[in-house]
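Architecture at a glance
Next come the chains, spelled out residue by residue.
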Amino acid sequence: MSVYTTVTQAELESWLAQYTLGQLVELKGIAAGITNTNYFVTTTQGRYVLTLFETLKLEELPYYLNLMSHLARHGVACPAPVADRSDRFVSLLAGKPACLVSCLSGADVAAPNPAQCRAVGVMMADMHLAGDTYPARMANPRGPAWWSATAQVVYPHMDAADAAMLHEEVAFQSEHRFDALPTGVIHADLFRDNVLFDGDSVAGFIDFYYACNDVLAYDLAIALNDWCALPDGDIDGERARAMLAGYQSVRPLSDAEKAAWPVLLRAAGLRFWTSRLYDKYLPQAGELTFTKDPAQFQRVVALHRQRQDFWL
Ligand SMILES: Nc1ncnc2c1ncn2[C@@H]1O[C@H](COP(=O)(O)OP(=O)(O)O)[C@@H](O)[C@H]1O
Ligand SMILES: N[C@@H](CCOP(=O)(O)O)C(=O)O
């Protein structure tokens, strides 16, 4: 469940008085999600999603909410934050930073087809182009410095062979620099549970709270490792080619990005292998970790190490 903070009707009514959204009709908790508390909020003016941030602080939120607003204004399918009468996207509710965003239609897809993978590729490229005019900057909090430090913390909990492989991957990535590749705003966590679909059309990307400035093709590698993965960690070539073709129909990859692609796929696998290991061995109180199997990403990385064809 993902209602960590309970909001009463009365609390919400009083908070909603800061907005021009009419009267509260319904407040309903959302079961899905891991990090934050989410509710569907219906008012006499429409339907919204209320998020109470459980870990991010008030002063950290403008980067993400202004980004979503920027992307939505540029035609990217994503929730648009709603401003209150003081023109703020975020303020405290029940002691937590809280915001309202537009409610999207659609649902996430557990077993995507090639057409859906292509549509995600197209929308990601649109998002990368739209992000070009977003002025704020955010370093990637889950970059090489983070995975190197986190690996040190998890090694003692791991089987010796697995720890050796993790060590090799961290060392391998440290030998590669991506300074010459195009950078910009990336989502950085565009997994299947962060995209809503209406049929084969993207209804919206959600959960932008890992968004940051980093290598654009790395974002595509993160998405491909999840959207195109088979249960054994191998990649379904048909879905991978569809996602890459969709992306490149809007933003063709440069020769330098293509040359870096195999290393980026391993970097994307390493990032989530490491975070899942950390969550498994050092779970935070109240955190839901049962769906996040580190072995899936270890297999993804192991297979990328042996691969010759990268679908380009
Ligand atoms: N703007 C939105 N429109 C419709 N549904 C949404 C929206 N934002 C979130 N949801 C629903 O809430 C669920 C949890 O949201 P998510 O951002 O993934 O939460 P968390 O940050 O806790 O992981 C999603 O799976 C989706 O069903
Ligand atoms: N999509 C990720 C979860 C988000 O990353 P984390 O660093 O918060 O664990 C996954 O499926 O592992």
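Note that this is a predicted model, so its numbers are computed, not measured.

Cut-offs used in this document
- Residues numbered from 1 in each chain as written.
- Chains lettered and ligands numbered in written order.
- Predicted model: local features only at pLDDT ≥ 70, side-chain atom pairs only at ≥ 80, totals over all residues.
- Helix = DSSP H or I, 4+ residues; strand = E, 2+ residues; numbered from the N terminus.
- Buried ≥ 20, exposed ≤ 12 C-beta atoms within 10 Å, placed from the backbone.
- Contact = placed C-beta atoms within 7 Å.
- Near = placed C-beta within 6 Å.
- Nonpolar A, V, L, I, M, F, W, Y, C, P; charged D, E, K, R; others polar.
- Axes fitted to C-alpha atoms, helices over the stretch in contact; angles between N-to-C directions.
- Parallel < 35°, antiparallel > 145°, perpendicular 65-115°, else oblique.
- Left-handed = near helix turned anticlockwise from the far one by under 90°.
- Pairing = 2+ DSSP bridges.
- UniProt positions renumbered as here; feature names shortened; annotations may be inferred.
- Domains from an automatic or database assignment.
- Core = buried A, V, L, I, M, F, W, Y, C linked by C-beta atoms within 7 Å.

**Thoughts on the environment of Pro-144**
For Pro-144, the location among the structural elements is in helix H4 (residues 144–154). By the C-beta count within 10 Å, which is 17 here, Pro-144 ends up partly exposed. Put simply, Pro-144 and Tyr-155 are 11 residues apart on the chain and 16 Å apart in space, counted from C-alpha to C-alpha. Contact partners of Pro-144, with chain neighbours within four places excluded, come to Gln-173 and Ser-174.

**A word on the site of ligand 2**
Around ligand 2, a shell composed of Asp-189, Phe-191, Phe-272, Ser-275, Arg-276, Asp-279 and Lys-292 is seen. Split by residue class, the shell around ligand 2 holds 2 nonpolar, 1 polar and 4 charged.

**Topic: the packing of helix H5 (residues 160–174) against helix H8 (residues 255–281)**
In contact at an axis separation of 10 Å, H5 and H8 are set at 135° when each is read in the N-to-C sense. Judged on the interaxial angle alone, H8 and H5 are oblique. Considering the relative orientation of H5 and H8, their crossing is left-handed. Contacts between H5 and H8 involve Glu-169, Phe-172 and Gln-173 from the former and Arg-266, Ala-267 and Leu-270 from the latter. Class assignment of the residues belonging to the contact of H5 with H8 gives a composition of 3 nonpolar, 1 polar and 2 charged.

**Side note on the packing of helix H3 (residues 114–131) against helix H6 (residues 216–227)**
Put simply, H3 and H6 touch, their axes get as near as 11 Å, and they point 160° apart. Taken together, the axis directions place H3 and H6 in an arrangement best described as roughly antiparallel. The way H3 lies across H6 gives a crossing that is right-handed. Along its contact with H3, which presents Cys-117, Val-120, Met-124 and His-128, the element H6 presents Leu-216, Asp-219, Leu-220, Ala-223 and Trp-227. Grouping the amino acids of the contact of H3 with H6 by side-chain chemistry returns 7 nonpolar, 1 polar and 1 charged.

**Remarks on the sheet that holds strand E4 (residues 91–93)**
Spatially, the 5 strands line up as an open sheet ordered E1-E2-E3-E5-E4, and their pairing is antiparallel. Strands with a single pairing partner mark the edges of an open sheet, and in this sheet they are strand E1 (24–29) and E4. Pairwise comparison of adjacent strand axes, ignoring direction, gives a mean angle of 35° for this sheet. As judged from the 5 bridges shared by strand E3 (residues 46–52) and strand E5 (residues 96–102), these two strands associate in the antiparallel manner. Note on E5: the bridge partner recorded for Leu-50 is Leu-100. Contacting E1, strand E2 (37–43) and E4, helix H1 (residues 9–16) crosses the sheet at an angle of about 125° to E1.

**A closer look at the UniProt feature "domain: Aminoglycoside phosphotransferase" (unreviewed entry) in the chain**
Here the UniProt-annotated "domain: Aminoglycoside phosphotransferase" (unreviewed entry) positions come out as residues 27–253. Between the C-alpha atoms that bound residues 27–253 there is a distance of 44 Å. The span itself is 37% helix and 19% strand.

**Looking at the site of ligand 1**
The environment of ligand 1 is formed by 18 residues, the closest being Ala-32, Gly-33, Pro-79, Leu-104 and Asp-207. A class-by-class count of the residues in the shell around ligand 1 yields 9 nonpolar, 6 polar and 3 charged. Each of domain 1 (9–102) and domain 2 (114–306) contributes no fewer than three residues to the shell around ligand 1.

**Some points on the pairing of E2**
Counting buried residues in E2 gives 5 out of 7 residues, a clear majority hidden from the surface. Sheet topology note: the E1/E2 ladder contains 5 bridges and is antiparallel. In the sheet register, Gly-29 faces E2, and the bridge partner there is Tyr-39. Of the strand pairs in this sheet, E2 and E3 are connected by 7 bridges, and their pairing is antiparallel. Residue pairing across strands places Tyr-39 opposite Leu-50, the latter belonging to E3.

**Considerations on the nonpolar core**
Of all hydrophobic cores here, the largest spans 80 residues; its most connected members are Val-120, Ala-217, Ala-221, Met-243 and Leu-264. Looking at which domains feed residues into this core, each of domain 1 (9–102) and domain 2 (114–306) supplies at least three. Filtering out sequence-adjacent residues up to four positions away, Ala-217 remains in contact with Leu-181, Leu-253, Glu-257, Ala-260, Trp-261 and Leu-264.

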